[in-house]
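Okay, here's what each chain looks like letter by letter:
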Amino acid sequence: MSAVDVVVVGSGPNGLAAAVTLAAAGLSVTVVEGAESLGGGCRTEALTLPGFLHDVCSTAHPMLVTSPFFRQPAFEGLRAALRQPEIPFAHPLDGGHAAAAFASVDATAASLGVDGRTYRRLMAPLVESAVSIGDAVLAPLRSLPRHPISLARFGLPGLLPVSRLVDRFDTEGAKALLGGVAAHSMARLTAPLTAALGLFLTLTAHAAGWPVVECGSSGITEALVAEVERLGGTVSTGRWVRSLSDLPQATAVVLDTSPAGLATIAGAALPGQYGRSLGKFRYGPGVCKVDWALSGPVPWSAEVCRRAGTLHLGGTYAEVASAEADVNAGRHPDRPYCIVVQAGVADPTRAPVGHATLWGYCHVPSGSTVDMSAAIEAQIERFAPGFSDLVEARSVRTAAQAEQYNPNYVGGDIAGGASTLRQTVFRPTVRWNPYRTPLDGVYLCSASTPPGAGVHGMCGVYAARTVLHDRFGGPSPFTG
Ligand SMILES: Cc1cc2nc3c(=O)[nH]c(=O)nc-3n(C[C@H](O)[C@H](O)[C@H](O)COP(=O)(O)OP(=O)(O)OC[C@H]3O[C@@H](n4cnc5c(N)ncnc54)[C@H](O)[C@@H]3O)c2cc1C
């Protein structure tokens, strides 16, 4: 293995975004991936039957369209391959009703009856400032905001637990809609900042949509790898890195790994205090995910759900809150909150004509080995009677198996760490620059650094800027 300027370990969207940023600065870069295929959370595989394309992890990409990194001209082709579901997300309720986040705030407000006015007053100003809020949220919060008033409009209600935000609404539909989207956080819905994720994801639904990539999320990986290679970088697969000595000589090493992965790879070289604080890093609950091959589209009772890309299942706000509280207390809920994605509403290439793919996951206690497919299917059947008759094949991955698939999903946590108040700003440890480790030339760039989970690449960008600053005379990583 010949010497290079920078080695990136791991080819998830953050690792590849770091590689693109470093190679674009003129450095020689090589990416080393442990798995047999590239992409981390952006892979598409035939998990069930021939002709069915399943995203193993991410499918809905509001973060990608919001990310400054993916606005670069190099990703024009990728942006052209995005397909927008007519309705970004919906939340079915019993009795054939549903609430939905339509593309426009007005249409959503109009569908929420007496809560329409409150919804419009909350969301319209945020959507007007969507670009500045998006840039601030997808940054490590280490510089003064350029648009403090817009950010305050978002940040003040965002600091609340979503349990407090939903108190502003009277209807079950509005409460469930906001609670359901905030539950992506995997936290108790009474936890601070859960409103921020709910508001941010809802804002992206109105401002940018929740698109899927035609033919699958592996298209994101292909676009990133093509850009790394165009800039002279190289990538390789099938090489798990267990120690820094496994790597070619380099001025800097950038790890797209969990904090636990960093501790293993650095081993005894890691200073004790930093190692201990990595050991205290809190991972969130896990997920159990099911992919289905179906003989037709899901027969949701509520018609809006048939047009939505993403569905939040679990019933009323109170039921969702109770399911999430169970998970965070180490219990498997009987009626779990589930996130279900039907990419086919926007992208017919995922399945043979007339058929459909679907995925759904529910949150489970960390490290769970429980197959939750029956409970997830029961929740779908509750809102789409006849669903079970459509199942042609299924593939299940428990939380424990998720970690075997990708070591970054510690205990099955797909978010790279619990989204506590502290870990939103300081992840993985309390440091001004979270990408830099005390080990000379070793950096972390995964979703376990700010701004955290999602396919946006910005953890990689800020880690790369830190490398450029520390090692190659670049400007301060948090300016510009
Ligand atoms: C089921 C599921 C659904 C999701 N849905 C969405 C969604 O719809 N939208 C969204 O925005 N996000 C979604 N996410 C989250 C998103 O995929 C992640 O936040 C994102 O992929 C994190 O990127 P990353 O580069 O930090 O890490 P990863 O994507 O996890 O990539 C890390 C890579 O590093 C490799 N690696 C780790 N350790 C080593 C080692 N020691 N040696 C060599 N290689 C190593 C891994 O094999 C992996 O390829 C989902 C995740 C899951 C699991």
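Residues numbered from 1 in each chain as written. Predicted model: local features only at pLDDT ≥ 70, side-chain atom pairs only at ≥ 80, totals over all residues. Heavy atoms only, no water.

## Section: the overall build of the protein chain
Across its full length, the protein chain carries 18 helices and 16 strands. For 480 residues, the compact-globule formula gives about 23 Å, and the C-alpha radius of gyration of the protein chain, at 21 Å, lands near that figure. For the protein chain, the spread of C-alpha atoms along the principal axes amounts to about 65 × 50 × 45 Å. Sorting the 480 residues of the protein chain into buried and exposed places 59% on the buried side. A separation of at least 24 residues holds for 75% of the contacts in the protein chain among residues at least 6 apart in sequence. Total accessible area on the protein chain is roughly 17800 Å²; 55% of this is exposed by carbon and sulfur atoms. The centroid of the 35 positive side-chain charges in the protein chain is displaced by 9 Å from the centroid of its 37 negative side-chain charges. (Helix = DSSP H or I, 4+ residues; strand = E, 2+ residues; numbered from the N terminus. Rg over C-alpha atoms; globule rule 2.2 N^0.38 Å. Buried < 20%, exposed > 50% of the residue type's maximum accessible area, 1.4 Å probe, protein only. Contact = heavy atoms within 4.5 Å. Areas by Shrake-Rupley, 256 points an atom, 1.4 Å probe, with all protein chains shown as cover. Lys, Arg positive; Asp, Glu negative; His and termini not counted. Charge placed at Lys NZ, Arg CZ, Asp CG, Glu CD.)

## Thoughts on the pattern of salt bridges
Pairs can form between side chains of opposite charge once their charged atoms are near each other. On inspection of all chains with the given rule, the structure shows 17 salt bridges. Salt-bridge contacts for Arg230 lead to Glu227; the nearest nitrogen and oxygen are separated by 2.9 Å. With Arg230 and Glu227 both in helix α11 (residues 218-230) and 3 residues apart, the pair spans about one turn of that helix. Classification of Glu227 as buried rests on a relative accessible area of 8%. Each member of the salt-bridge network shares a partner with another, and the members are Asp94, Glu319, Arg335 and Arg382. (Salt bridge = Lys/Arg side-chain N within 4 Å of Asp/Glu carboxyl O.)

## Considering the site of the ligand
The environment of the ligand is formed by 34 residues, the closest being Glu33, Gly41, Ala60, Asp256 and Gly454. Taking Arg43, its side chain carries an N or O atom lying 3.1 Å from an oxygen atom of the ligand. Here an oxygen atom of the ligand and a backbone polar atom of Ala447 are 2.9 Å apart. Summarising the interface, the protein chains cover 93% of the accessible area of the ligand, which totals 990 Å² for the free molecule. In terms of residues, the shell around the ligand owes the most to one element, helix α1 (residues 13-24), which gives 3 residues. Broken down by class, the residue content of the shell around the ligand amounts to 14 nonpolar, 15 polar and 5 charged. (Near = heavy atom within 4 Å. Polar contact = N/O pair within 3.5 Å; in protein donor to acceptor, adjacent residues only side chain to side chain. Nonpolar A, V, L, I, M, F, W, Y, C, P; charged D, E, K, R; others polar.)

## Remarks on the sheet that holds strand β1 (residues 4-9)
With parallel pairing, 5 strands are arranged side by side in an open sheet as β9-β2-β1-β10-β16. A strand with exactly one partner marks an edge of an open sheet, and here the two such strands are β9 (234-236) and β16 (442-444). Each neighbouring strand pair of the sheet contributes to a mean axis angle of 20°, computed without reference to strand direction. Judged from the 3 bridges that link them, strand β10 (residues 250-255) and β16 form a sheet pairing that is parallel. (Pairing = 2+ DSSP bridges. Axes fitted to C-alpha atoms, helices over the stretch in contact; angles between N-to-C directions.)

## Examining the environment of Thr59
Position of Thr59 among the secondary structure elements: in the loop between β4 (54-55) and α2 (62-66). The class of Thr59 is buried, set by a relative accessible area of 2%. Once the C-alpha coordinates of Thr59 and Ser217 are considered, the two residues, 158 residues apart in sequence, prove to be 6.0 Å apart. Those residues in contact with Thr59 that lie beyond four places of it in its chain are Pro211, Val212, Val213, Ser217, Val341, Ala343, Arg350 and Trp359.

Honestly, it's all geometry; don't read function into it.
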